[in-house]
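A structural walkthrough
Letter by letter, the chains look like this.
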Amino acid sequence: MLKPTSELQFSNEKKTKISHLASLALSGDAASREKHSTGLSEKTGYPDSIYVMAANIFQGIQIEKSPERVLIKYGNEPLLSLSESKDGSFQRWSYELAFSALKYQDILETILIDSYIFPSTTIPDHLSSLIIVMLYDFQDRKFQARFLSDNEESIAEVQEVENLLNSFKTKLAAALARYRIKHDALSIYHILPETVRKQELRASTLPLYAWINTYKISPEEVYHNLKEKGYNKVTSILHVDDKVFAVDQHCYDVLIFPSHFKSDLLNTDLFKDYKLIFQDKSRSLAVHSVKALLNMDDDILMVNTGSWYTVAHMSALTNNNSSKIFVCGVQSQAKHPDLKNLFTKMGCKNIETLHQTFLNIESKDNRLQKVKVILLLPRCSGLGISNPVEFILNEHEDTGLLKDFSQGGTAEDKLHVLAQQQYEQLTHAMKFTKVQAVVYCTCSVYLEENEAVVKKALEFQDRGIKVQPYRLSPPVLPLCSLKEIHLSTDKFFRMEPSEITNGCFLSVLTRERDPSETVSVKDVLARAAAKGLLDGIELGKSSKQEKKKKSKTSLPKASTIDGNSIQMKIAEFLNRETNANANRSETSTMKTSLPQKNTTQVGPSSQVRKPNKPATNPLVPAFMKNTTPPRPYERPTHFVRHRPEDRMVALKPVEIVLPPVMLPFSSPQGIRPQIPAQHFYCHWVGPKTVVPNYLSTPLLSRKGEKLKENLPSSLLRCRRPWL
């Protein structure tokens, strides 16, 4: 240890500098603390019980080092707390304090060694975790004293560690300043890996997502209730600090709020009565994908749901169906009453829990014969999440994920284990012969857990079963931006971590239905309603219409004037088509039976002749009424004449039989002028090109041949002008 005189001299020389440098330390990490410490005074310290709980969490997730690199030993014995509080804020503060200490574990250990706290003092190993978390909070308060309330119970171990840190305050500040200078950083926050710093930045701006429990309230009632509380509906909440909310673009029953209004919203009746539920958007995307694949009476099997709110959301989306939701993996019998009570409060009625794990459930289980869709939410690395503490608390995930988040990545061996587990669950889901679709969803950013698992399962699926194999289907969710369209070109739905949402990967595997199975009109309407194609149409009124459609001998009566007019137009069109076909057949008969006659030749510069009488039917060719039969060797030549009032009329086909004497332009150049040519007129409607009223014979011949090659026959006209 330093001698008292030298310590005093060092303190006098560096007092001002150390104070300034210590004030810079970890300034970047304070933003996260400000966001999540609602209800707690800024940088005044925590209650003793939070330090104890955070120390126990840190002890279970601290990064173990090799024996030659061990600086401080951590015991295995947890600290005893006065009481285990189930308050959400209490748990959140404890997890955030432990996670922050974990991110800076190497730095904090170095400061303790450099300040001579270790090994000069004799500290039990089981208190090492408590020293680390309290040291992080001590330097975050810029080494200021902690504020203690009068009615707060104190814990002896916390008081002992606090007195130790206060006695070494100057040395700790000096060690922290030297470490920062050594790494040339404004604060030790900038020494963290870049992925960790980006994750913290996203977490500070990430909005809140809440889905509407339609069992208890309608979306319109929610909007009205929020408006009464001062929340205005907007299209986007980005960079807005006012009390606003927006409707999510992918999920119609999900609302978005600014993050700093969470405590205010939790105190409203909407959240207290389970009418609005906070949950990560990735879970809502998963259940909405399942909803889009369901028929009216299809059952659902949910695997690794994490939060029970995901099950409740799926139940709310199937409120109008007769579907049943099976949830596997509820192993503890003690959880069943609590779950039943929760689902009762939320109004859910179609949920059934299974105590077996998913891999232990037989594919031929009698209870699951009506299951058509499986929702698989496997355990994953979760590196697409921006706020891991909220994700762990809300989705009941493993606390060990914090270790990967603190390092900015997942170890390769652990990633391989996770990918193998995901592959086994996906292949097991594909063995259920009655199932028609599997929705696979993760919060990972690794290809090994996402695309690789799905492609491997599709490649090695069991094709010996007498069912159609699975195939990769396009996303069933709406793509709301060019970036989403680009990310979904290979039929996978992806959302990258950003300032507005966590990362998400979603894949839909489907197989064609058995041809022997019939899909009723009710099922088709159910799918259309799930995709938002039947806005304002009630599905309950489809039974009478279905009975009417079964009658093959009678046509349904139109109920409106528009329907009658449409039917009349269709009948008139069919009548014209029938008459035109009959006239065309008569004309072809005239071509073969009548003798050929010479016709008057028309020069290349002939003008278009105006008719004396207008045609009564625009769809009947005029040459059928008063024209001489065509000569066999004549070529069709098309002229263009503008109709009155610039009306566009579809053209009809005309067959012209040419004799096998000489093809157009096949003779030498000197013979071509001797070939007689008859000019025929046709009204050709072009969208943009303006054609003159007269053209030369060779030019028109070429255009006529090109039109005949490139256009459908229904767009060609007769060989005389319209009258």
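Data block above holds the structure.
Residues numbered from 1 in each chain as written. Predicted model: local features only at pLDDT ≥ 70, side-chain atom pairs only at ≥ 80, totals over all residues. Heavy atoms only, no water.

1. Here's the deal with the nonpolar core
By size, the foremost hydrophobic cluster in this structure holds 64 residues, and its most contacted members are Leu112, Ile117, Leu130, Val133 and Leu172. Of all the elements in the fold, those that place two or more residues in this core are helix 3 (48–61), helix 4 (88–103), helix 5 (105–114), helix 6 (128–140), helix 7 (156–167), helix 8 (169–182), helix 16 (388–395) and helix 17 (401–407). Counting residues per element, this core draws most heavily on helix 3, at 9 residues. Among all residues touching leucine 112, those that are not within four sequence positions of it are Ile72, Ile117, Phe118, Ile131, Ile132, Leu135 and Leu172. One finds Cys251, Ile277, Leu377 and Val439 within the second-largest nonpolar core, a separate group that totals 44 residues. (Core = buried A, V, L, I, M, F, W, Y, C linked by side-chain atoms within 4.5 Å. Buried < 20%, exposed > 50% of the residue type's maximum accessible area, 1.4 Å probe, protein only. Helix = DSSP H or I, 4+ residues; strand = E, 2+ residues; numbered from the N terminus. Contact = heavy atoms within 4.5 Å.)

2. Points about a nonpolar patch on the surface
Among the surface-exposed residues, Leu479, Leu482 and Ile485 lie close enough to one another that they form a single nonpolar patch of about 300 Å² accessible area. Assessed through its relative accessible area of 42%, isoleucine 485 is described here as partly exposed. (Patch = residues over 30% accessible without salt bridge, like charges linked within 9 Å, V, L, I, M, F, W, Y side chains within 5 Å. Areas by Shrake-Rupley, 256 points an atom, 1.4 Å probe, with all protein chains shown as cover. Salt bridge = Lys/Arg side-chain N within 4 Å of Asp/Glu carboxyl O.)

3. A few points about the packing of helix 6 against helix 7
Contact pair helix 6 / helix 7: the axes reach a minimum separation of 10 Å and the direction vectors enclose 55 degrees. Classified by the angle between their axes, helix 6 and helix 7 sit oblique to one another. Once helix 6 is placed against helix 7, the crossing between them reads as right-handed. Each of Leu130, Ile131, Met134, Leu135 and Phe138 in helix 6 lies in contact with helix 7, whose residues at this interface are Glu157, Val158, Val161, Glu162, Leu164, Leu165 and Asn166. Per-class residue counts for the contact of helix 6 with helix 7 are 9 nonpolar, 1 polar and 2 charged. (Axes fitted to C-alpha atoms, helices over the stretch in contact; angles between N-to-C directions. Parallel < 35°, antiparallel > 145°, perpendicular 65-115°, else oblique. Left-handed = near helix turned anticlockwise from the far one by under 90°. Nonpolar A, V, L, I, M, F, W, Y, C, P; charged D, E, K, R; others polar.)

4. Quick look at the side chain of arginine 511
When you line up the elements, arginine 511 lands in the loop between strand 13 (504–510) and helix 21 (521–530). Here arginine 511 falls in the buried class, since its relative accessible area comes to 8%. Here the side chain of arginine 511 touches threonine 433 through a polar contact of 3.3 Å, landing on its backbone oxygen. (Polar contact = N/O pair within 3.5 Å; in protein donor to acceptor, adjacent residues only side chain to side chain.)

5. Quick look at the environment of leucine 80
One can find leucine 80 in the loop between helix 3 and helix 4. Between the C-alpha atom of leucine 80 and that of glutamate 157, which follows or precedes it by 77 residues, the distance is 9.6 Å.

6. Here's the deal with the pairing of strand 1 (residues 208–212)
Along strand 1, 5 of the 5 residues are buried, which leaves the element largely enclosed by surrounding structure. Alternating positions in strand 1 separate into two faces, Leu208, Ala210 and Ile212 on one and Tyr209 and Trp211 on the other, with burial throughout. Relative to strand 4 (residues 254–257), strand 1 is paired through 4 bridges, and the arrangement is antiparallel. Looking at strand 4, one finds that leucine 208 is bridged to phenylalanine 257. Bridge analysis of strand 1 against strand 5 (residues 276–278) gives 3 bridges, and the strand direction is antiparallel. Paired with tryptophan 211 across the two strands is isoleucine 277, which belongs to strand 5. (Pairing = 2+ DSSP bridges.)

7. Here's the deal with the packing of aromatic side chains
Counting across every chain of the model gives 12 aromatic pairs. Between phenylalanine 271 and phenylalanine 278, the ring centres sit 4.3 Å apart and the planes meet at 25 degrees, which makes this aromatic pair stacked. Since its relative accessible area comes to 15%, phenylalanine 278 is described here as buried. One aromatic cluster is present, formed by Tyr223, Tyr231, Phe245, Phe257 and Phe261 through successive ring pairs. (Phe/Tyr/Trp six-rings, centres within 6.5 Å; stacked < 30°, edge-to-face > 60°.)

8. Considerations on the environment of serine 406
With respect to the helices, strands and loops of the structure, serine 406 is situated in helix 17. What serine 406 contacts, discounting residues up to four positions off in sequence, is Ile63, Phe99, Leu102, Lys103 and Val196. A polar side-chain atom of serine 406 sits 3.5 Å from a polar atom in the side chain of glutamine 407.

9. Section: the environment of alanine 54
Relative to the assigned elements, alanine 54 resides in helix 3. Separated by 79 residues in the primary sequence, alanine 54 and valine 133 have C-alpha atoms spaced 7.0 Å apart. Each residue touching alanine 54, except ones within four places of it in the same chain, is listed here: Ser94, Leu97, Ala98 and Val133.

10. Description of the pairing of strand 3 (residues 244–247)
Relative to strand 3, strand 2 (residues 232–233) runs parallel, the two sharing 2 bridges. Bridging across to strand 3, lysine 233 finds its partner in phenylalanine 245. When strand 3 meets strand 4, the two strands line up antiparallel, connected through 2 bridges. Note that in strand 4 the partner of alanine 246 across the bridge is isoleucine 256.

11. Quick look at unusual backbone geometry
Trans peptide bonds make up most of the peptide bonds, and negative phi angles are found at most residues other than glycine. A positive phi angle, near 60 degrees, is found at lysine 142, a position not held by glycine. Mapping lysine 142 onto the fold places it in the loop between helix 6 and helix 7. The backbone of aspartate 184 shows a phi angle near 50 degrees, a positive value even though the residue is not glycine. Owing to a relative accessible area of 72%, aspartate 184 belongs among the exposed residues under this scheme.

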